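Survey of secondary and tertiary structure
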Amino acid sequence: MTAQQAIKVGIIGTGAIGGFYGVMLAKAGYEVHYLLRSEYPAVKQNGLMIQSDVYGEIHQAQANAWNDASQMPKCDWLLVGAKTTSNPSLVPLIEAAAADNAKVVLMQNGFGVEDELRPLLSDKLHLLGGLCFICVHRGAPGIIYHQAYGGVNLGYHSGPATAEQALAITEEGASLFRNAGLDSKAMANIEQARWQKLVWNIPYNGLSVLLDATTGEMMNNPDARALIADLMQETIDAATACGHQLPDNFVQTMLKATDKMPDYHPSMYHDFTHQRPLELKGIYAAPLAAAKEAGCSMPKVEMLLQSLAFKVNQPIAEL
Ligand SMILES: NC(=O)c1ccc[n+]([C@@H]2O[C@H](COP(=O)([O-])OP(=O)(O)OC[C@H]3O[C@@H](n4cnc5c(N)ncnc54)[C@H](OP(=O)(O)O)[C@@H]3O)[C@@H](O)[C@H]2O)c1
Ligand SMILES: CC(C)(CO)[C@@H](O)C(=O)[O-]
């Protein structure tokens, strides 16, 4: 048995992110188990297929598909690939699929997601955040379209580890992804890392819904581009107010990086078109609340949230 085969990885929510990383880890030799809901019958029958503009087609014909977490083998690493909107309801599923001292990684965008889940999880579980730098979305059931990138940065949030053990666990997690040929770094501060990623997600996720536009369409329009830059700057200022210094000239860095990206619809756009709940709390309401607490207002971000809340008829007070 190889070192990889000795490690069981469970995917809690096998959509675009869960499916992509699960298949890449399985291809690297890890024993991967997938928890599914609506796509269970298709994946049980046909496995999972990644159609990638980077790697071509990768088909895992025999995927370990489950529709009941209590039936899954106990997993050492659990990668949560569901949207943040379902996190509280995932707790019993996570607990059922977790080996003793399992490491649970929230492979999700947003702010405060670990803080929300932690009090609901048992103390013996390690909780980490995983920030995925990737453009991927679900196509037909069991089929994942991968447009670009694939890196994952991990940070330890909380659990029974000492500071030294937490670092070792985070490095071990990053090595799983590196063994699968993906970039992965251990981050010292998950909160800082989450703010930094929000500088991209706050403007593009919500505006793609409101403007019904791809990243390319927005970047090619001077007014939308100026609004994106303003939203990014508000996010950087809020991060600073919360004690997190982000890199210099970060707005320009993010704009230039997006200019080079393939034309892309962020995951919130796909949620909107499929009438799934939007991640309004993690991506907007939670960072807005943290900024307010730190005495910083984010007026354009607030307006974006108000407009999105109207669009999907979701009162902000109930997020
Ligand atoms: N997509 C990207 O390119 C990208 C990039 C960076 C970060 N992210 C972040 O990654 C996270 C996941 O996004 P995604 O695009 O992968 O979402 P997604 O494609 O919608 O996948 C979510 C999956 O979770 C499943 N799920 C939800 N609740 C479940 C339950 N109780 N039991 C079993 N399965 C359950 C869903 O199943 P159903 O089909 O039954 O709903 C779906 O397959 C989000 O936080 C997103 O912001 C995404
Ligand atoms: C586009 C991306 C690479 C931005 O970080 C992706 O991670 C996303 O949509 O969150």
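The rules behind each value
- Throughout, a residue's number is its position along its own chain's written sequence, starting from 1.
- Numbering of ligands from 1 and lettering of chains from A proceed in the order in which they are written.
- Predicted model: local features are reported for residues with pLDDT of at least 70 only, side-chain atom pairs are reported and counted for 80 or more only, and whole-chain, interface and lining totals are derived from all residues.
- Hydrogens and water are ignored here; the side-chain numbers use all heavy atoms of the structure.
- UniProt positions are given in the numbering used here, feature names are shortened, and annotations may be inferred rather than shown by experiment.
- Near is defined per residue: the residue qualifies when any heavy atom it owns lies within 4 Å of the molecule or strand.
- As used in this structure description, the phrase polar contact means that two N or O atoms lie within 3.5 Å; if the pair is within protein, one of them must be able to donate a hydrogen and the other to accept it, and residues adjacent in sequence are counted only when both atoms belong to side chains.
- Exposure was quantified through the Shrake-Rupley algorithm and a 1.4 Å probe, taking into account, for residues, occlusion by the shown protein chains and nothing else.
- Per the convention used, a helix needs a DSSP run of H or I reaching at least four residues, while a strand needs a run of E reaching at least two, with both numbered from the N terminus.
- The cut-offs for exposure are 20% and 50% of the maximum accessible area for each residue type, with area from a 1.4 Å probe on protein chains only; residues under the lower value are buried, those over the upper are exposed, and the others partly exposed.
- Contacts are assigned to residue pairs with any non-hydrogen atoms lying within 4.5 Å of each other.
- Centre distance within 6.5 Å is the pairing criterion for rings of Phe, Tyr and Trp, where only the six-membered ring of Trp is used; planes under 30 degrees apart are then read as stacked, over 60 as edge-to-face, and the remainder as tilted.
- Here the nonpolar core consists of buried residues drawn from Ala, Val, Leu, Ile, Met, Phe, Trp, Tyr and Cys, with membership extended through side-chain atoms lying within 4.5 Å.

Under an unreviewed UniProt entry, the chain has the name 2-dehydropantoate 2-reductase and belongs to Thiopseudomonas alkaliphila. What UniProt records for the chain under Pathway (unreviewed entry) is the sentence "Cofactor biosynthesis; (R)-pantothenate biosynthesis; (R)-pantoate from 3-methyl-2-oxobutanoate: step 2/2."

Brief notes about the site of ligand 2
Inspection of the region around ligand 2 gives Asn109, Cys132, Phe133, Ile134, Lys197, Trp200, Asn201, Met261 and Tyr264 as its neighbouring residues. Within the contact set of ligand 2, an oxygen atom lies 3.4 Å away from a backbone nitrogen or oxygen of Ile134. Separating an oxygen atom of ligand 2 from a side-chain N or O atom of Lys197 is a distance of 2.5 Å. Computed on the free molecule, ligand 2 has an accessible area of 280 Å², of which 92% lies beneath the protein chains in the complex.

Re the side chain of Asn201
Relative to the elements of secondary structure, Asn201 occurs in helix α6 (residues 190-210). Asn201 sits in the buried class, given a relative accessible area of 4%. Residue contacts for Asn201: discarding those within four places in its chain leaves Asn109, Gly206, Ile283 and Tyr284.

Observations concerning the packing of aromatic side chains
A complete count under the given rule lists 5 aromatic pairs for this structure. Measuring from ring centre to ring centre gives 5.0 Å for Phe20 and Tyr21, while their planes differ by 90°; the resulting arrangement is edge-to-face. Tyr21 shares its class with Phe20; the two are buried. Counting every residue linked through ring pairs, the aromatic cluster contains Phe20, Tyr21 and Phe177.

Quick word on the environment of Val23
Residue position: Val23 is located in helix α1 (residues 16-27). Val23 sits in the buried class, given a relative accessible area of 2%. Residues Val23 and Glu164 lie 141 residues apart in sequence; the distance between their C-alpha atoms is 30 Å. Leaving out residues up to four positions away in the same chain, Val23 has contacts with Tyr34, Leu48, Ile50, Ile58 and Gln60.

As for the UniProt feature "domain: Ketopantoate reductase N-terminal" (unreviewed entry) in the chain
In the numbering used here, UniProt assigns the "domain: Ketopantoate reductase N-terminal" (unreviewed entry) feature to residues 9-158. Helix makes up 23% of residues 9-158 and strand 44%, with an end-to-end C-alpha separation of 20 Å.

What to know about the nonpolar core
Ranked by size, the top nonpolar core spans 45 residues in total, and within it Tyr204, Ile228, Met232, Leu255, Met268 and Tyr284 carry the most contacts. Elements represented by at least two residues in this core include exactly α6, α7 (215-219), α8 (222-241), α9 (250-260), α11 (280-293) and α12 (299-311). If we ignore the near neighbours within four places in the chain, the residues touching Met232 are Val199, Pro203, Tyr204, Val251, Met254 and Leu255. Of all hydrophobic cores here, the second largest spans 41 residues; its members include Ile17, Tyr21, Ile134 and Phe177.

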